[in-house]
There are 2 protein chains.
Amino acid sequence: MALVNENFLELPQENVFASIRGEVEKFKVIRPSNNLIDLSVNDVIHSLGTHVAESMRLAVDEMAHTETFHGYGPEQGYVFLREAIIKNDFNSRGIHLTPEEIFVNDGIKSEIGNIGEILGTDNAVGVADPIYPIYVESNVVSGRAGVFRGGHWSNVNYLECVESNGFVPQPPNRPVDVVYLCSPNNPTGMVFSKSSLKKWVDYALKNNTLILFDATYEAYIQSPGIPHSIYEIRGAKKVAIELRSFSRTAGFTGLRCGYTVIPNELQVQTLDGRSISMNSLWNYRQRIRFNGVSYVTQCAAAAIYTSEGKMEVRKAIDYYMKNVMMMRRELSNTGIRLFGGEHVPYLWLRIPHQHSAWEYFRMMLYGAHVVCTPGIAFGPNGEGYVRLSAFAGRADCEEAVARLKEWF
Amino acid sequence: MALVNENFLELPQENVFASIRGEVEKFKVIRPSNNLIDLSVNDVIHSLGTHVAESMRLAVDEMAHTETFHGYGPEQGYVFLREAIIKNDFNSRGIHLTPEEIFVNDGIKSEIGNIGEILGTDNAVGVADPIYPIYVESNVVSGRAGVFRGGHWSNVNYLECVESNGFVPQPPNRPVDVVYLCSPNNPTGMVFSKSSLKKWVDYALKNNTLILFDATYEAYIQSPGIPHSIYEIRGAKKVAIELRSFSRTAGFTGLRCGYTVIPNELQVQTLDGRSISMNSLWNYRQRIRFNGVSYVTQCAAAAIYTSEGKMEVRKAIDYYMKNVMMMRRELSNTGIRLFGGEHVPYLWLRIPHQHSAWEYFRMMLYGAHVVCTPGIAFGPNGEGYVRLSAFAGRADCEEAVARLKEWF
């Protein structure tokens, strides 16, 4: 009798993002003629850059000739890409890494759960909250989250990111084994300063904590002095894995490519107290469980790091950031408390009058014909907030703002 | 203190394929001038077909324009590809499936372990042996394999495929919960007849066993009457997941795409006896853990199913099969017992004179300057055999055969 992993059955059958789609479909049936503006999406709207696309075409040409064809590639990713990553994303910020410390992946959503696979089920988990739900969900299915009661998983340490702490998660006063942090944070827009991130690294060094640091939105950081990588903090290579993605920077949501940094210094422990190199372990895992990312996609990713590629990335990011800054400016005198929009293309709105996030989502949908994301989608501390995304055309953002100003 | 999943530490540090590479490198140092022929590889040598490459270029063009850009796609794969799969791979053989039963994946190596994630750790596992090692390894890391003693994992039921049973694995006389089968088999070349596969389906129906059926090499089948899909057997939709790959058919080893069939009828059980739809569960898993395969790659995969694409696939398969048939013919009167080479591009050689697979591997390497794969790489019942691959150029195959004929 084939038995199921019953941890999967603990998760709610409908996830919040599916519920949003359901509500929107219902609205379209009830009000078919209304012109809805969807500001709930994470997805980019702009095409690949010209230079990136040209690199892909050249890679396809190589694949079409036996002399230049590429079959199985290294599970860890091609060295040409890993070297470009190190040179541009790390050396430029004074961080030294070797290609062996970079693992090209097919996106954070897969990778964050995959990393969980090499960790024991007994680890106590801490999660900055609110955060993208995969961090909690992947721990639920591997049996680390406990049971769901009153909106919380019993074994998850929710590191609250709320208005009173500036949305900056603080190290808890007890040891937690594995911690998920995200900066700039989706959805709140919080960024760690060097000193606030140093607190986490020091905590991790003291407690042998593993930090999984999601830096998906680092390229959206607008001010100098804010760390783009956790490795800007001394000692972080001993405690942190960093995850990056080309999705939001170069529009790779449909291509699937990012990377994971696992420094050689990073160790995890066995129950009897031995230290194991996380890098070796992950390298082993990739060899037996992964066949790498498409050669064509890796060529596209490498093209991001050329001067033309960088200009294309910058142009796309500037577009979305201009959207969100305009939205922030326009909505700032409406009486609604606004956060984010400085280093992420999202606004995080405090809901007035004690409405729940779902109530307010529906009110905005039917009142302003604008789709937002109820904050509760990102965890219990997201209740009382909604997120507005600037991954949309300028005209849509302007129209949404005009409607919201009238509606608030 | 971050704890490791200690199941990973049970696996041998060096896997067999890495050891082969190590031996070959050593040989090259000792005998630098020798012209080695490598017949140990699984990888294809021919480029993508012209039509498939052209479809990729068109897809890149779409991705390069905002009007036709594709961001996040469906986690399950695009319907255009899933429909092409059903029409060509299944309807043509009288099997009816819906797009909801097809899940596009990034390759069997990832997928087989991923499927293990939704199964409980308590399942008793059976594995056709020899077989590609990921089937056992993925169960080791999820804690289902027990301990490694005398070349065997204590909790794995090895379904022996040996000369005396024609390499056809037989259902055991006790219930096993999850069974991995592969037909045509890599490395032995065994194919299930309808009646031998029916025995397995009947066994699975009786015992509520889940069959994971790897049909990677189905397109290499040369004779009518041999099942290409397990769903050609009545009742199989109730018990079997089928895995397919575009790697060996269309040369996608460097692109990463295949698919998984999970029929709606398929159920797995909870400990308290409830039945759960495997299809719904997997669909849920994909939504939270996967972001799909590159749009460009899926367009390439769909192109395989056009008439030009089919011709290109057929041409590549014919090339490799002609290689192996020539090798089989030429080596057949050397006194070496040969298997396979009829429906897979591999020969499975019985080692004479009681040499171990590793001994014989080294003897062939230093004696004939031909690299084979020691059968033990594929499991304990591979001992006493080596595999020769026909994924090589015709001239290399001919030269290897000439050397081997002299050397045997």
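**Points about the nonpolar core**
Residues Phe252, Met278 and Leu388 of chain A together with Phe252, Met278 and Leu388 of chain B are the most contacted members of the largest nonpolar core, which totals 297 residues. Ignoring sequence-local partners within four residues, the contact set of Leu388 of chain B consists of Leu39, Met327, Leu331, Pro345, Tyr346, Leu347, Leu349, Met364, Val370, Cys372 and Leu404 of chain B.

**A look at the relation of the copies chain A and chain B**
For the pair chain A and chain B, the superposition axis carries a translation of 0.0 Å, the fit reaches an RMSD of 0.0 Å, and the rotation angle comes to 180°. Taken together, the turn and the small shift mark the pair as related by a two-fold rotation axis. Measuring from the rotation axis to each C-alpha of chain A, the shortest distance belongs to Arg57 of chain A, at 3.0 Å. Counting the interface residues of chain A, we find that 100% of their copies in chain B are interface residues as well, pointing to one common contact surface.

**A word on the domain arrangement of chain A**
All names here are of chain A. The domains assigned to chain A are domain 1 (7-47 + 308-407) and domain 2 (70-306). The C-alpha-based centres of domain 1 and domain 2 are spaced at 25 Å. Each partner contributes to the interface: domain 1 provides 37 residues, whereas domain 2 provides 45 residues. Among the residues of domain 1 in contact with domain 2, His343, Phe378 and Asn381 are the three that bury the most area, contributing 21% of the side total. Joining domain 1 to domain 2, the criterion identifies one salt bridge. Between Glu163 and Arg337 there is a salt bridge, and its shortest N-O distance comes to 2.7 Å. For the pair domain 1 and domain 2, the interface holds 17 residue pairs in polar contact (both at pLDDT 80 or more).

**Some details on the interface of chain A and chain B**
How big an interface is tends to be reported as the loss of accessible area on association of its parts. Each partner contributes residues to the interface: chain A has 80 residues there, and chain B has 81 residues. When chain A packs against chain B, the two sides together hide about 7,000 Å² of surface, and 56% of this comes from carbon and sulfur. Here chain A and chain B share four salt bridges between them. Note that Lys109 of chain B is salt-bridged to Glu75 of chain A, the shortest N-O span being 3.3 Å. Applying the counting criterion to the chain A and chain B interface returns 51 residue pairs in polar contact (both at pLDDT 80 or more). At the level of secondary structure, the elements contributing two or more residues to the side of chain A that touches chain B comprise helix H1 (7-10), helix H3 (50-63), helix H5 (108-117), helix H6 (134-141), strand S11 (267-269), helix H9 (278-289) and helix H10 (295-303) of chain A. Here the side of chain A that touches chain B gets seven residues from one element, more than from any other, and that element is H9 of chain A.

**A look at the pattern of salt bridges**
Across all of its chains, the model carries 38 salt bridges over all chains by this definition. A salt bridge links Asp61 of chain A to Arg57 of chain B, with the nearest nitrogen and oxygen atoms 2.8 Å apart. Separated into two different chains, Asp61 of chain A in helix H3 and Arg57 of chain B in helix H3 (residues 50-63) make up a pair that spans both. Exposure remark for Asp61 of chain A: the relative accessible area of 29% places this residue in the partly exposed category. Residues participating in the shared-partner salt-bridge network are Asp89, Glu218, Glu242 and Arg244 of chain A.

**So, the sheet that holds strand S2 (residues 102-105) of chain A**
Residue and element names in this part refer to chain A. An order of S2-S10-S9-S8-S7-S3-S6 is seen for the seven strands of this open sheet, with the pairing classed as mixed. The outermost strands of the open sheet, each flanked by one partner alone, are S2 and strand S6 (156-160). When the angles between neighbouring strand axes are averaged without regard to direction, this sheet yields 20°. Relative to strand S7 (residues 178-182), strand S3 (residues 125-129) runs parallel, the two being bridged by three bridges. By the bridge assignment, Gly126 is partnered in S7 with Val179. Its contacts with the sheet place H5 against S2, S7, strand S8 (210-214), strand S9 (240-245) and strand S10 (258-261), and it is angled at close to 160° to S9. Lying on the sheet, H6 is in contact with S3, S7 and S8; it crosses S3 at an angle near 155°.

**Things to note about the packing of aromatic side chains**
Applying the stated criterion across every chain, the model contains 57 aromatic pairs over all chains. Here the aromatic rings of Phe192 of chain A and Phe213 of chain A are separated by 6.5 Å at their centres, their planes lie at 35°, and the arrangement is tilted. With Phe192 of chain A in the loop between S7 and helix H7 (194-207) and Phe213 of chain A in strand S8, the pair connects residues that are 21 residues apart, well separated along the chain. No difference in accessibility class separates Phe192 of chain A from Phe213 of chain A, as the two residues are buried. Ring geometry for Phe148 of chain B versus Trp153 of chain B: centroids 4.8 Å apart, planes at 45°, classification tilted. Given a relative accessible area of 44%, Phe148 of chain B falls into the partly exposed group. These aromatic residues form a ring-pair network of at least three members: Phe17, Tyr132, Phe167, Phe339, Trp348, Phe378 and Tyr385 of chain A. The aromatic ring of Tyr319 of chain A is capped on one face by Arg394 of chain A, whose charged end is 4.7 Å from the ring centroid.

**Describing the sheet that holds strand S13 (residues 338-340) of chain A**
All names here are of chain A. Here we have four strands laid out as an open sheet, ordered S13-S14-S17-S16, and antiparallel in their pairing. With one partner strand each, in any of the chains shown, S13 and strand S16 (373-374) form the two edges of the open sheet. In the packing of helix H11 (residues 307-331) onto the sheet, the strands contacted are S13, strand S14 (346-350) and strand S17 (385-389), and the crossing angle to S14 comes to about 25°.

**Re the environment of Lys237 of chain B**
Residues and elements named next belong to chain B. Mapping Lys237 onto the fold places it in the loop between strand S8 (210-214) and strand S9 (240-245). Placed 24 residues apart in sequence, Lys237 and Val261 show a C-alpha to C-alpha distance of 9.4 Å. Look past the residues within four positions of Lys237 in its chain and what remains in contact with it is Ile95, His96, Leu97, Tyr231, Pro263, Glu265 and Leu266. In terms of polar contacts, Lys237 uses its side chain to reach the backbone carbonyl oxygen of His96, at 2.4 Å.

Conventions adopted
Residues numbered from 1 in each chain as written. Chains lettered and ligands numbered in written order. Predicted model: local features only at pLDDT ≥ 70, side-chain atom pairs only at ≥ 80, totals over all residues. Heavy atoms only, no water. Core = buried A, V, L, I, M, F, W, Y, C linked by side-chain atoms within 4.5 Å. Buried < 20%, exposed > 50% of the residue type's maximum accessible area, 1.4 Å probe, protein only. Contact = heavy atoms within 4.5 Å. Least-squares fit on C-alpha atoms with pLDDT ≥ 70 in both. Domains from an automatic or database assignment. Buried area = accessible area lost by both parts, 1.4 Å probe. Salt bridge = Lys/Arg side-chain N within 4 Å of Asp/Glu carboxyl O. Polar contact = N/O pair within 3.5 Å; in protein donor to acceptor, adjacent residues only side chain to side chain. Helix = DSSP H or I, 4+ residues; strand = E, 2+ residues; numbered from the N terminus. Pairing = 2+ DSSP bridges. Axes fitted to C-alpha atoms, helices over the stretch in contact; angles between N-to-C directions. Phe/Tyr/Trp six-rings, centres within 6.5 Å; stacked < 30°, edge-to-face > 60°. Lys NZ or Arg CZ within 6 Å of the ring centre and 35° of its normal.

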